[in-house]
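# Observations on the model geometry
Here's the letter readout for the chains.
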Amino acid sequence: QLQLVESGGGLVQPGGSLRLSCAASGFTFLDYAGIAWFRQAPGKEREGVSCISSSGRTATYADSMKGRFTISIDNAENTVYLQMNNLKPEDTGVYYCATATCSRNLVAYAMTNWGKGTLVTVSS
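All of these numbers come straight from a predicted model, not from anything done at the bench.

Enumeration over the complete set of coordinates arrives at 2 disulfides. What pairs with Cys 22 in a disulfide is Cys 97, and their sulfur atoms sit 2.0 Å apart. Of note, the bridge from Cys 22 to Cys 97 carries an S-S torsion of about 70° and is right-handed in sense. Here Cys 97 lies in strand β9 (residues 93-103) and Cys 22 lies in strand β3 (residues 18-25), a separation of 75 residues in the sequence. A relative accessible area of 0% places Cys 22 in the buried class. Its relative accessible area of 0% is what places Cys 97 among the buried residues. Covalently, Cys 51 is tied to Cys 102 through a disulfide, its sulfur atoms 2.0 Å apart. Measuring the twist about the S-S bond at about -75°, one finds the Cys 51-Cys 102 disulfide to be left-handed.

Take a look at the structure:
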């Protein structure tokens, strides 16, 4: 059964760090062009965070995440990671991963498979 499962979210103080994981089962990331992270805060639209090609050779980031977030992929484990550093309250939201096509301007598009999300709360 095709499935994406996010994990690693939690409560963290501003300036702290979290590492999110997106684990795939029932398929391999190599069957898709890329894998993307999105986030959504209550009452706000979904926002692209980052995207990585299935090869791991290229990555895109939204401007507000550049220099703070790092996306990576481990195809042997069929898992994509999002390392988040220097977290800010505005980073709060549910983070989702999805198979996608990466774009420098749009972060990602043509999303297909989605996970159910993991909640990140940045608060003091």
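Let's shift gears to the environment of Asp 31. The residue Asp 31 is located in the loop between β3 and β4 (34-40) in this model. The class of Asp 31 is exposed, set by a relative accessible area of 55%. Distance from Asp 31 to Thr 99, taken between C-alpha atoms, is 9.4 Å for residues 68 residues apart in sequence.

Quick notes on the rules
- Residues numbered from 1 in each chain as written.
- Predicted model: local features only at pLDDT ≥ 70, side-chain atom pairs only at ≥ 80, totals over all residues.
- Heavy atoms only, no water.
- Disulfide = S-S within 2.5 Å.
- Helix = DSSP H or I, 4+ residues; strand = E, 2+ residues; numbered from the N terminus.
- Buried < 20%, exposed > 50% of the residue type's maximum accessible area, 1.4 Å probe, protein only.

Without other data, these values stay purely geometric and don't point to any function.
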